[in-house]
Each structure stands twice: as C-alpha cells, then as structure tokens.
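Spelled out, the chains give:
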Amino acid sequence: MAFGDLFLQDIRAYREEKLKDTGITPIFPLWQIPTGRLARKMVSEGLRAYITCVDPKKLPGRFAGHEFGPAFLDALPDSVDPCGENGEFHTFAVDGPMFKKPVGIHVGEVVERDGFIFADLRPRETGPEMGPAGFHGQRYIT
C-alpha cells in the first residue's frame, strides 16, 4: 500500500504498525523529498488542486479556495510547509497526469467552522471555473 507521507516519522510508524502482520507492505515513495521542490514539481507536471481547508493559526484564512499553483506557493509564509505537511492546509486535486479527465468544480462559499477556514467546492455544471469573487481559473492571492 502506497502512502504520500513525506517526513512525519510518527505517522509513518503508525501506518507501519497498523499494517504489521496483515500481509500488506507499506511503501513511502515520496519519503524525505524536500517539500518545496516536490510541490513545484507536482504543479509543473500538471497537478491541479484547490485549497479546501486552512488552519488560521498557521496560515491566513484568505488562502482558502485558491488554486494550489505557483502564485500560491510564492505567497506562502516561510513558516508554512509547501505541501501542508504540518496541517497548515488541505487540498482537493481536480486534474493531473493520473486523471482520465478533470473534475469540474467551482469554488463556493468560504466559511469558518470549528476553528478552521473551509472553501466549499461544488460540482461545476457548465461554464468555466468560478471562484467566490468571480475569478475565472486560477485565483490570485491579494
């Protein structure tokens, strides 16, 4: 079973322990790849994703709903891991080399719930992707 863990040893140990004696061998193909390099490589190779959840204690809530791309990565504070490995943010992938076709979405309401900032992603029925402020395509952080 493959996991996308990058450097959190406690999470890796947990997964290895849970799979011990099951006959399933855990593999960690991304283990210890520097996250700044990995994030930019994923984007340059066609991954498209949106920021769906932000921990405002670690990253300003205004990042919720933005596309995970060069503008997002350039705007991140130095204290934030570019892959969100410390729980700073979570993403939803909508397209990439591993997809047969893109997932059509638009960014809906951005709300605060339970101490986190969430961007609701909704199925796109027709037309271009639209962010909550009417931006087409990639949203840029201001």
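Since we're looking at a predicted model, the values are computed, not measured.

Here the focus is the overall build of the chain. Across its full length, the chain holds three helices and four strands. Expressed as a percentage of its 142 residues, the buried residues of the chain come to 37%. If you take every contact in the chain between residues at least 6 apart in sequence, the share linking residues at least 24 apart comes to 58%. Approximately 8,500 Å² of the chain is accessible, and the part contributed by carbon and sulfur atoms is 54%.

Turning to the pattern of salt bridges, a few remarks are in order. Considering all chains together, one arrives at eight salt bridges under this definition. Note that glutamate 67 and arginine 48 form a salt bridge whose closest N and O atoms lie 2.9 Å from each other. Placement of the pair is glutamate 67 in the loop between β1 (48-54) and α3 (70-75) and arginine 48 in strand β1, with a sequence separation of 19 residues. Owing to a relative accessible area of 7%, glutamate 67 belongs among the buried residues under this scheme.

By the element assignment, histidine 66 lies in the loop between β1 and α3. On the basis of relative accessibility, which here comes to 4%, the residue histidine 66 falls in the buried class. A polar atom in the side chain of histidine 66 sits 2.9 Å from the backbone oxygen of arginine 62.

Sheet analysis places strand β3 (residues 105-113) next to strand β4 (residues 116-123), joined by seven bridges and oriented antiparallel. Bridging from a neighbouring strand, arginine 113 pairs with phenylalanine 116 of β4. Two successive antiparallel strands, β3 and β4, enclose a turn made up of two residues, where aspartate 114 displays a positive phi of approximately 55 degrees.

Using the criterion set out here, one finds seven aromatic pairs in the structure. Chaining the aromatic ring pairs together yields one cluster made of Phe63, Phe68, Phe72 and Phe89. A cation over an aromatic ring shows up here: arginine 12 above the ring of tryptophan 31, its NZ or CZ 4.8 Å from the ring centre. Here lysine 57 stacks its cationic end above the ring of phenylalanine 116, 5.5 Å away from the centre of that ring.

Counting all residues, the mean pLDDT for the chain is 89, and 87% of those residues have values of 70 or more. Across the chain, the element-wise mean pLDDT spans from 94 in β3 up to 97 in β1. Taken together, the stretch residues 130-142 has pLDDT below 50 and engages in 34 contacts with residues farther than four places along the chain or on a different chain.

The next thing to look at is the environment of arginine 15. Checked against the element boundaries, arginine 15 lands in helix α1 (residues 9-19). Accessibility expressed as a relative area gives 26% for arginine 15, which makes it partly exposed. Sequence spacing of arginine 15 and proline 26 is 11 residues, and the spatial spacing of their C-alpha atoms is 7.5 Å. When neighbours within four sequence positions are excluded, arginine 15 is seen to be in contact with Phe3, Asp5 and Phe28. At a separation of 2.5 Å, a polar atom in the side chain of arginine 15 contacts the side chain of aspartate 5.

Let us look at the sheet that holds strand β2 (residues 89-95). Spatially, four strands are ordered β2-β1-β4-β3 in an open sheet, and the strand pairing comes out antiparallel. Because the sheet does not close on itself, it has two edges, and the strands there are β2 and β3. Recorded for the sheet is a direction-independent mean angle of 30 degrees between the axes of neighbouring strands.

What counts as what
Residues numbered from 1 in each chain as written. Predicted model: local features only at pLDDT ≥ 70, side-chain atom pairs only at ≥ 80, totals over all residues. Heavy atoms only, no water. Helix = DSSP H or I, 4+ residues; strand = E, 2+ residues; numbered from the N terminus. Buried < 20%, exposed > 50% of the residue type's maximum accessible area, 1.4 Å probe, protein only. Contact = heavy atoms within 4.5 Å. Areas by Shrake-Rupley, 256 points an atom, 1.4 Å probe, with all protein chains shown as cover. Salt bridge = Lys/Arg side-chain N within 4 Å of Asp/Glu carboxyl O. Polar contact = N/O pair within 3.5 Å; in protein donor to acceptor, adjacent residues only side chain to side chain. Pairing = 2+ DSSP bridges. Phe/Tyr/Trp six-rings, centres within 6.5 Å; stacked < 30°, edge-to-face > 60°. Lys NZ or Arg CZ within 6 Å of the ring centre and 35° of its normal. pLDDT = per-residue confidence, 0-100. Axes fitted to C-alpha atoms, helices over the stretch in contact; angles between N-to-C directions.

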